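This is what each chain is made of:
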Amino acid sequence: MRLLMLVALGWGLALAQRPLDIPFWHTAGPPGQEILEAHIREFNASQREYRIVPSFVGDYREGGLKLLAALRSGGAPVLFHAEISFLGRLAQDNVALPLDAYLSGLPTDFYPRFLDTGKLQGRTYGLPLGLSLPVFFYNADQFAARGLGAPRTWEDVATAAQRLTTRAAKGYIVSSDIYSFNVLVMSRGGSLVDAQGRPDFTNPKVVESLEYLQSLVRRGVAQSRNIAEAQFSVADFLRTKAFMGIAPITMWPLIENRAPIPFRLGVAAVPRSEGGKVPLAGGTLVVLRGASEQQTRGAVTFWRYLMEPANIARWVQATYYMPMRRSAQPLLEDFYREDPRRRVAFAQVEHADVWLQDPEFTVWYSFLEDALERALKGNATPRQVLEEAQRRALAVERR
């Protein structure tokens, strides 16, 4: 009997000392997958309370679809790596747990507005991981041949597009997706949403931005590509069929490391007007309904580990996502000195801002992209198509 009691006691102690599993579905593909999973292994080895159990579930879209299916049928994880535009839906549907109670004592050197990407109506539902900014890519050889410098204003872009355009190539690539259009709008001091986060497509800055793009296309100095033609935009640039355009900074290592480029790649900050901003995009960690108190605490502990300056620096160098905290910047000095273009591009972090916190985004963004395509490919009047998109978007707002 005593032997059985000792065995039972030993078994109980072993169970008590076993780390608590936290299943984690992430959407970080290469090159982010390798460094993220390295961080997970290191976190698991650094303490005995929790064990993050990662599973790669595809890109943001694929992962989101798998999560929705798992929420319906069972088998959803504790922790999910969501695209920030998906966070509003998870919070509105009461799937994402509020996390403010677990966030006391956070460092004070996070960049302004970065943590706000995980908030809706003043409550924190997401812990940012992998936030990116747009950059301006250009063909440095063609610019140099024409005596052009990197554009500082959108007027400079129009001038450069005119001078670069030939019979065989366009000066600028116009993408009629919401991300690219929003970059232009915010950089000119505008916003696609109002102070309450609702669609605001008829704002003068929004209308002016679409009129600007349409003028470039009508003058024949820009190539318009819709979202379905995104792959052709990259091909146009790499094959010198177009000479400049906007894309997320995370495209940079993919372009340079995986594609032979027949020219020097120019990388610059997005042109900005006075007071203009650059939009934050990317991912956030979400703790899902059904997680225990201890699992929730463990998930937040893991995120805090990722936010340590040394871990941020490694993540930035591998992925080109933004450094979340100012204290990580000194650790990136060698990274910046190695390629001065990086310092210029990453300096935009000081002008970063949130642009999207509307749960209905997944419904209404397509209305705006339809309006953009009609104006840029079908030559429709910008104000009219934006007014129509605004009516359609407000019709789906549930507030």
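Use the structure listed above.
Not measured: the values here are computed from a predicted model. (Residues numbered from 1 in each chain as written. Predicted model: local features only at pLDDT ≥ 70, side-chain atom pairs only at ≥ 80, totals over all residues. Heavy atoms only, no water.)

1. Observations regarding unusual backbone geometry
- Of the consecutive residues Pro-30 and Pro-31, the connecting peptide bond is found in the cis state with omega at 0°.
- Among the secondary structure elements, Pro-31 is positioned in the loop between strand S1 (20-26) and helix H2 (32-46).
- Phi angles above zero are rare outside glycine, and Tyr-320 is one such case at about 70°. (Helix = DSSP H or I, 4+ residues; strand = E, 2+ residues; numbered from the N terminus.)

2. What to know about the packing of helix H3 (residues 60-73) against helix H4 (residues 84-92)
- For the pair H3 and H4, interaxial distance at closest approach is 11 Å and the crossing angle is 15°. In terms of orientation, H3 lies roughly parallel with respect to H4. The chirality of how H3 crosses H4 is right-handed. Where H3 approaches H4, its residues Gly-64, Leu-67 and Leu-68 are matched on the opposing element by Phe-86, Arg-89 and Leu-90.
- Residue classes in the contact of H3 with H4 are distributed as 4 nonpolar, 1 polar and 1 charged. (Axes fitted to C-alpha atoms, helices over the stretch in contact; angles between N-to-C directions. Parallel < 35°, antiparallel > 145°, perpendicular 65-115°, else oblique. Left-handed = near helix turned anticlockwise from the far one by under 90°. Contact = heavy atoms within 4.5 Å. Nonpolar A, V, L, I, M, F, W, Y, C, P; charged D, E, K, R; others polar.)

3. Focus on the packing of aromatic side chains
- Scanning all chains against the criterion turns up 22 aromatic pairs.
- Their ring planes at 65° and their centres at 6.0 Å tell us that Phe-24 and Phe-302 sit as a pair that is edge-to-face. Linking Phe-24 in strand S1 with Phe-302 in helix H11 (residues 293-306), this pair joins segments that are 278 residues apart in sequence. As far as the burial class goes, Phe-24 and Phe-302 line up, both buried.
- Ring centres of Trp-252 and Tyr-320 lie 5.3 Å apart, and the angle between their planes is 70°; this geometry places the pair in the edge-to-face category. Of this pair, Trp-252 sits in helix H10 (residues 251-258) while Tyr-320 sits in the loop between helix H12 (309-319) and helix H13 (333-338); the two residues are 68 residues apart in sequence, bridging distant segments of the chain. Neither Trp-252 nor Tyr-320 differs from the other in exposure class; each is buried.
- By way of ring pairs, the aromatic residues Phe-136, Tyr-138, Phe-143, Trp-154, Tyr-172 and Tyr-212 are connected into one cluster. (Phe/Tyr/Trp six-rings, centres within 6.5 Å; stacked < 30°, edge-to-face > 60°. Buried < 20%, exposed > 50% of the residue type's maximum accessible area, 1.4 Å probe, protein only.)

4. Topic: the sheet that holds strand S10 (residues 244-248)
- In spatial order, the strands read S10-S7-S11; together these 3 strands make up an open sheet with antiparallel pairing. Of all strands in the sheet, those bounded by a partner on one side alone are S10 and strand S11 (265-268). Between one strand axis and the next, the sheet turns through 30° on average, direction left out of account.
- Pairing analysis gives 4 bridges linking strand S7 (residues 134-139) to S11, with the strands arranged antiparallel. (Pairing = 2+ DSSP bridges.)

5. Concerning the nonpolar core
- Ranked by size, the top nonpolar core spans 116 residues in total, and within it Phe-114, Tyr-172, Phe-181, Met-244, Leu-285, Phe-302 and Trp-364 carry the most contacts.
- Sequence-distant contacts of Leu-285, defined by excluding residues within four places in its chain, comprise Phe-24, Leu-79, Phe-80, His-81, Tyr-125, Gly-126, Leu-127, Leu-129, Phe-302, Trp-303 and Leu-306. (Core = buried A, V, L, I, M, F, W, Y, C linked by side-chain atoms within 4.5 Å.)

6. Quick look at H11
- The terminal C-alpha atoms of H11 lie 20 Å apart, and with 14 residues this matches the ideal 20 Å at 1.5 Å per residue to within 8%.
- Residues Gln-295, Thr-296, Gly-298, Ala-299, Val-300, Phe-302, Trp-303, Tyr-305 and Leu-306 constitute the buried set of H11. (Expected span 1.5 Å × (residues − 1).)

7. As for the packing of helix H8 (residues 204-218) against helix H15 (residues 361-376)
- Two numbers describe how H8 lies on H15: the axes approach to 9 Å, and their chain directions differ by 35°. The way H8 lies across H15 gives a crossing that is right-handed. Contacts from Leu-210, Leu-213, Gln-214 and Val-217 in H8 reach Leu-372, Ala-375 and Leu-376 in H15.
- Residues of the contact of H8 with H15, tallied by class, amount to 6 nonpolar, 1 polar and no charged.

8. A few points about helix H9 (residues 230-238)
- Buried residues of H9: Ser-233, Ala-235, Asp-236, Phe-237 and Leu-238, and no others.
- Elements in contact with the buried residues of H9: S7, strand S8 (172-175), strand S9 (222-225), S10, H10 and S11.
- Thr-240 occupies a position one or two residues after H9 and carries a positive phi of about 55°.

9. Details of the side chain of His-26
- By the secondary structure assignment, His-26 is in strand S1.
- Reaching out from His-26, the side chain makes a polar contact with the side chain of Glu-37 at a distance of 2.9 Å.
- Discounting residues that sit within four places of it in the chain, His-26 has contacts with Gln-33, Leu-36, Glu-37, Pro-54, Ser-55, Phe-56, Val-57, Gly-58 and His-81. (Polar contact = N/O pair within 3.5 Å; in protein donor to acceptor, adjacent residues only side chain to side chain.)

10. Brief notes about the sheet that holds strand S13 (residues 281-287)
- The mixed open sheet is built from 5 strands, whose spatial order is S2-S1-S3-S13-S6. The two strands at the open ends of the sheet, each matched to only one other strand, are strand S2 (50-56) and strand S6 (127-132). Ignoring which end each strand starts from, the neighbouring axes of this sheet average 20° apart.
- Note that S1 and S2 share 7 bridges and pair parallel. What sits directly across from Phe-24, in S2, is Pro-54.

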